[in-house]
Amino acid sequence: MFVQIDLGDIVRMRKKHPCGSYEWEVVRLGTDVGIVCLGCGRKVLLPRSTFNKRLKTIVKHANAQE
Ligand SMILES: [Zn+2]
């Protein structure tokens, strides 16, 4: 399944980070996807395919209209 993500989106992953947070902010898009943990601020780069596998849902779209 293809998932459309944009910079600034908040995403929820299937496995929680060691800090206890499931939610990450997308900070880089490309061959690798850069995400920052909202719990501890750790930045991680994942290959797009790995990111897609670990992604559970998009919590908030950065460009969503109210
Ligand atoms: Zn964390």
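Use the structure listed above.
Below you will find a few notes about this structure. Source: prediction; values computed, not measured.

What counts and what doesn't
- Residues numbered from 1 in each chain as written.
- Predicted model: local features only at pLDDT ≥ 70, side-chain atom pairs only at ≥ 80, totals over all residues.
- Helix = DSSP H or I, 4+ residues; strand = E, 2+ residues; numbered from the N terminus.
- Rg over C-alpha atoms; globule rule 2.2 N^0.38 Å.
- Buried ≥ 20, exposed ≤ 12 C-beta atoms within 10 Å, placed from the backbone.
- Contact = placed C-beta atoms within 7 Å.
- Pairing = 2+ DSSP bridges.
- Axes fitted to C-alpha atoms, helices over the stretch in contact; angles between N-to-C directions.

Side note on the overall build of the protein
Along its length, the protein carries 1 helix and 5 strands. Walking the protein from its N terminus toward its C terminus, one meets helices and strands in the order β-β-β-β-α-β. Rg of the C-alpha trace for the protein: 11 Å, near the compact-globule value of 11 Å for 66 residues, within the 12% margin. Within the protein, buried positions represent 12% of all 66 residues. The contacts of the protein with a sequence gap of at least 6 include a subset with a gap of at least 24, amounting to 33%.

Remarks on the sheet that holds strand S4 (residues 43-47)
What holds strands together in a sheet is hydrogen bonding between their backbones, with the strands either parallel or antiparallel. Strand order in this open sheet of 5 strands is S4-S3-S2-S1-S5, and the pairing throughout is antiparallel. The open sheet has two edge strands, S4 and strand S5 (55-60), and neither has a second partner. Within the sheet, the average angular offset between the axes of one strand and its neighbour, ignoring direction, is 40 degrees. Note: strand S3 (residues 32-37) against S4, 5 bridges, orientation antiparallel. Bridge pairing in S4 links Gly34 to Leu45.

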